[in-house]
Amino acid sequence: MARKRLYLDIETSPNIGMFWEAGFKKTIDYSNIIHERSIICICYKWEGKKEVHALMWDKKQSDKKMLSDFMKVAVEADELVGHNIKKFDMPWVRTRCLLYGIKVPHDLNILDTLTIAKTKFRFNSNRLNYI
């Protein structure tokens with residue numbers, strides 16, 4: 001039986017903060033954040049399908065509805081596939097969902113193409129656009 005694979009990628013906004021000075025080896029404390037970063041968009045595509053779906057934050061730059069809509073899709077997948085999805089995309093999705101009380105199954109099956117590139121190959125670069 002074929003796996004139902006969902007390919008995905010997210011983009012995030014920057015934190016907005018107040019600080020006196022920027023530069024090399026400068027530390028900006030979390031208390032200086034005046035607007036926390038969030039997820040701008042989630043794009044996904046089912047394996048074997050042509051259509052790419054794009055979910056965007058709303059006019060107020062809130063990612064709550066987008067995350068709720070995405071989790072309804074993600075739970076249908078047997079496997080979530082992405083580049084650096086284990087250390088970036090899914091921790092972001094989980095964190096933002098936690099803030100909103102959106103349930104994320106703990107047992108999502110994840111296939112990370114960056115992990116595969118690093119452990120099974122010796123590319124000059126493991127960046128997705130190079131591979």
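Our subject is the structure that appears above.
Within each chain, residue numbers correspond to sequence positions counted from 1 in written order. At least 70 in pLDDT is required for a residue's local features to be given in this predicted model, at least 80 for side-chain atom pairs to be given and counted, and no such filter applies to totals for whole chains, interfaces and linings, which use all residues. In computing side-chain values, all of the structure's heavy atoms are included and hydrogens and water are not.

Caption draft 1: Structural detail: the pattern of salt bridges. By definition, a salt bridge exists where a carboxyl oxygen of Asp or Glu is found within 4 Å of a side-chain nitrogen of Lys or Arg. What the rule picks out here adds up to 6 salt bridges. Between glutamate 21 and lysine 26 there is a salt bridge, with its nearest N and O atoms 3.3 Å apart. The partner of aspartate 69 in a salt bridge is lysine 65, and the shortest N-O contact between them spans 2.7 Å. Within this pair, aspartate 69 and its partner lysine 65 are both found in helix H1 (residues 64–74), separated by 4 residues, close to a single helical turn. Where helices and strands are cited, they refer to DSSP runs of H or I of at least four residues and of E of at least two residues respectively, numbered from the N terminus.

Caption draft 2: Molecular detail of the state of the cysteines. Disulfides are defined as pairs of cysteine sulfur atoms found within 2.5 Å of each other. Considering all chains together, one arrives at 0 disulfides under this definition. Lacking any disulfide linkage, cysteine 43 is separated from the closest cysteine sulfur, that of cysteine 41, by 4.6 Å. The buried label applies to any residue whose accessible area, calculated with a 1.4 Å probe on protein chains only, is under 20% of its type's maximum; exposed applies above 50%, and partly exposed to all values in between. Judged by relative accessible area, cysteine 43 falls into the partly exposed class, the value being 29%. With no disulfide of its own, cysteine 97 lies 15 Å from the sulfur of cysteine 41, the closest cysteine sulfur.

Caption draft 3: The nonpolar core, seen in detail. Buried Ala, Val, Leu, Ile, Met, Phe, Trp, Tyr and Cys residues that are joined via side-chain atoms within 4.5 Å together make up what is termed a nonpolar core. Membership of the largest hydrophobic core comes to 24 residues, with the highest contact counts inside it found for Leu6, Ile39, Tyr44, Phe70, Met71, Leu80 and Val93. Mapped by element, the contributors of at least two residues to this core are strand S1 (5–12), strand S4 (39–46), H1 and helix H2 (85–100). Ranked by residue count, the leading element in this core is H1, at 6 residues. Whether two residues are in contact is decided by their heavy atoms, any of which lying within 4.5 Å being enough. Ignoring any residue separated from it by four or fewer positions in sequence, one finds valine 93 in contact with Ile10, Ile39, Leu67 and Met71.

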